[in-house]
Amino acid sequence: MRRVVVTGLGMVSPLGADVETSWKNILASKSGATRITRFDPTDYACQIACEVKAPDHEWGFDPAKRIDHKIQRQVDPFIIYGLDAAGQALEDAGLTDASEEERYRIGVSIGSGIGGLPGIEKESLVLAEKGPRRVSPHFVHGRLINLISGQVSIRYGLMGPNHAVVTACSTGAHSIGDAARMIIMDDADVMVAGGAESALCPLGIAGFAQARALSTQFNDQPERASRPYDKARDGFVMGEGAGVVVLEEYERAKKRGAKIYAELIGYGMSGDAYHVTAPHPEGAGGYRAMEVAMKRSGLSLSDIDYINAHGTSTPMGDELELGAVRRLFGNAIGDLSMSSTKSAIGHLLGGAGAVEAIFCILALRDQIVPPTLNLEDPSEGTAGVDLVPLVAKERSVKAVLNNSFGFGGTNASLIMKAV
Amino acid sequence: MSETADRVKKIVVEHLGVEAEKVTEDASFIDDLGADSLDIVELVMAFEEEFGVEIPDDAAEKITTVRDAITYIDSNKA
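Residues numbered from 1 in each chain as written. Chains lettered and ligands numbered in written order. Predicted model: local features only at pLDDT ≥ 70, side-chain atom pairs only at ≥ 80, totals over all residues. Heavy atoms only, no water.

Chain B is annotated in an unreviewed UniProt entry as Acyl carrier protein from Allosphingosinicella deserti. On record in UniProt, under Subcellular location (unreviewed entry), the comment for chain B is "Cytoplasm". Of chain B, the UniProt comment under Sequence similarities (unreviewed entry) reads exactly: "Belongs to the acyl carrier protein (ACP) family." (UniProt positions renumbered as here; feature names shortened; annotations may be inferred.)

The name that an unreviewed UniProt entry assigns to chain A is 3-oxoacyl-[acyl-carrier-protein] synthase 2, with the source organism given as Allosphingosinicella deserti. Note on chain A: under the UniProt heading Pathway (unreviewed entry), the record states "Lipid metabolism; fatty acid biosynthesis." Recorded in UniProt under Sequence similarities (unreviewed entry), the annotation for chain A is "Belongs to the thiolase-like superfamily. Beta-ketoacyl-ACP synthases family."

A word on the environment of Glu197 of chain A
Residues and elements named next belong to chain A. By the secondary structure assignment, Glu197 is in strand β6 (residues 190-197). On a C-alpha basis, the gap between Glu197 and Leu27 in space is 23 Å, while along the polypeptide they are 170 residues apart. Polar contacts involving the side chain of Glu197 include one to the side chain of Ser112, which spans 2.8 Å. From its side chain, Glu197 meets the backbone nitrogen of Gly115 in a polar contact 3.4 Å long. (Helix = DSSP H or I, 4+ residues; strand = E, 2+ residues; numbered from the N terminus. Polar contact = N/O pair within 3.5 Å; in protein donor to acceptor, adjacent residues only side chain to side chain.)

As for the UniProt feature "active site" (unreviewed entry) in chain A
Residues and elements named next belong to chain A. The sites that UniProt annotates as "active site" (unreviewed entry) are Cys169. Note on placement: Cys169 falls in the loop between β5 (162-163) and α7 (171-184). When its relative accessible area of 9% is taken as the criterion, Cys169 is described as buried. For Cys169, the residues in contact, after removing those within four places along its chain, are His310, His347, Leu349, Gly350, Ser404, Phe405 and Gly406. (Buried < 20%, exposed > 50% of the residue type's maximum accessible area, 1.4 Å probe, protein only. Contact = heavy atoms within 4.5 Å.)

Regarding the pattern of salt bridges
Counted according to the given criterion, the structure contains 40 salt bridges over all chains. Across the pair Arg224 of chain A and Glu376 of chain A runs a salt bridge whose closest N-O atoms are separated by 3.0 Å. One end of the pair, Arg224 of chain A, is in the loop between α8 (202-210) and β7 (241-249); the other, Glu376 of chain A, is in the loop between β11 (368-369) and β12 (393-394), and 152 residues separate them in sequence. On the basis of relative accessible area, Glu376 of chain A is assigned to the partly exposed category, the value being 45%. A salt bridge links Lys77 of chain B to Asp74 of chain B; the nearest nitrogen and oxygen atoms lie 3.7 Å apart. Note on Lys77 of chain B: relative accessible area 33%, which makes it partly exposed. In this structure Asp74 of chain B comes out as partly exposed when scored by relative accessible area, which is 39%. (Salt bridge = Lys/Arg side-chain N within 4 Å of Asp/Glu carboxyl O.)

Re unusual backbone geometry
All names here are of chain A. For Ser29, which is not a glycine, the phi torsion comes out positive at approximately 60 degrees. On the secondary structure map, Ser29 appears in the loop between α1 (19-27) and β2 (33-35). For Gln367, which is not glycine, the phi torsion reads 55 degrees and is therefore positive. Structurally, Gln367 can be placed in the loop between α13 (352-366) and β11. The class for Gln367 is partly exposed, based on a relative accessible area of 31%.

What to know about the pairing of strand β13 (residues 399-406) of chain A
All names here are of chain A. Taking burial as the measure, the eight residues of β13 include eight buried ones, the bulk of the element. Alternating positions in β13 separate into two faces, Ala399, Leu401, Asn403 and Phe405 on one and Val400, Asn402, Ser404 and Gly406 on the other, with burial throughout. Of the pairings in the sheet, the one linking strand β9 (residues 306-308) to β13 comprises three bridges and is parallel in character. Residue pairing in the sheet places Tyr306 in a bridge with Val400 of β13. Bridge count between β13 and strand β14 (residues 410-417): eight bridges; the pairing is antiparallel. By the bridge assignment for β14, Leu401 is matched with Ile415. (Pairing = 2+ DSSP bridges.)

Section: the side chain of Ser31 of chain A
Residues and elements named next belong to chain A. The residue Ser31 is located in the loop between α1 and β2 in this model. Judged by its relative accessible area of 12%, Ser31 is buried. Polar contacts involving the side chain of Ser31 include one to the main-chain amide nitrogen of Ala33, which spans 3.0 Å. The residues touching Ser31, leaving out its near neighbours within four places in the chain, are Leu15, Trp59, Glu223, Ala344 and Leu373.

Observations regarding the domain arrangement of chain A
Residue and element names in this part refer to chain A. Taken as a whole, chain A is organised into domain 1 (4-256) and domain 2 (267-417). One C-alpha centre belongs to domain 1, the other to domain 2, and the line joining them spans 21 Å. Contact residues are listed per partner, giving 63 residues for domain 1 and 63 residues for domain 2. Between domain 1 and domain 2, roughly 4800 Å² of surface is buried when both sides are summed, and carbon and sulfur atoms account for 64% of that area. It is Trp23, Cys169 and Tyr229 in domain 1 that bury the most area against domain 2; as a group they hold 19% of the surface buried on that side. Seen at the junction of domain 1 and domain 2, the total is seven salt bridges. Summed over the shared surface of domain 1 and domain 2, the number is 32 residue pairs in polar contact (both at pLDDT 80 or more). Of all the secondary structure elements, the ones that give two or more residues to the side of domain 1 that touches domain 2 are β1 (4-12), α1, α7, β6 and β7. If you tally residues by element for the side of domain 1 that touches domain 2, the top one is α7, at eight residues. Here the side of domain 1 that touches domain 2 is composed, by residue class, of 30 nonpolar, 20 polar and 13 charged. (Domains from an automatic or database assignment. Buried area = accessible area lost by both parts, 1.4 Å probe. Nonpolar A, V, L, I, M, F, W, Y, C, P; charged D, E, K, R; others polar.)

Now the structure itself:
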């Protein structure tokens, strides 16, 4: 079977406009959470978010670095983040000037959970106030989820499979897992894969708050709001950004002397068949996704050193996931570390799985695992598990597992190891 | 240069992200300024907003250069 390795990384996050800055800030226990600045959140139950910072911020993002002025004006932020992160990943992999023949075998699979909600909200107001002749001609293709993959393909001339996953908060993980299979099945030799999101607009915050998913008790202390596994947690903090990896067939990567970060060796998927927003009460879907990924990987349970948890900081979800990990790993759970980087960057929804897969890869590279911020008073059910509270931890990391679970009861797990 | 011309050129620069000196009155939106057909729809909308004129589709189709836009606006604005 064709093997799939990771040869490039790209990221735009609330803690940095690139991979290394985001990682450095994660390891330094910094938080990306602030009071919302995109709009006045005064009347909202949740008034905080992890926004990607403006260019003048210490770790701000400047869209002009890789994206034409005209495209910036026409598309929603999730496309800008995805396109920039894809550019970073291709630059990192050294594949920005591939030959035409190579480019027929390079595809793109970058998804999003929600797509261009800020633009949909804004343009619907234009329609209501000014009528149909004032709706932008770029409205549709500037909001569609598959237009990250489309824009990346156009910008870099990539003519292989062009795809986009939409599975809510599992999107990033499914995108990477599915793209790896396209390489395994010989549809492509290289896939640019990941997820992006920016639903940080009045409608997005109001909608998730009405679904009772967001933290509302820490509006005056934004940095303390995302606290997975802590007793005081009361919902997730919305993030935004993008994570993109370059996946490459192993022999090709080896032959061209590419830098190989990790090998993707396991991918598992499942459906909860239970409820649209609540996780299965025994975490059965998450359990099966991890179980299938483990089986595919050929590893023993004791080989997994680090789990990047879905761990969104919602009262129900965190412990159910931990329960599923406990049942699957048994005694092996005592030797692994498990943390939630959502404590630092919030929940990137469709971008989460991809950004977190990158943190897993960097844990493999640097032999250090990122912390779970604000884990001051752990829930009862967490005893005996190293949740990496408050500060990063140096340790041996040879294999990693990343979990993502989404609305609709859709679950994905990825397993990677060093090559 | 007329006031209409200044305002038209400013809109073109902002929407197409081109350098101001390229936006001459002879410049063709598509051939010289890198616009596509949807960009022209957007430009026409912006002209309508800016000048309070209505530019029907059949008239918009004939606007291919900066000068065409200025001429149409000057002869139709209130």
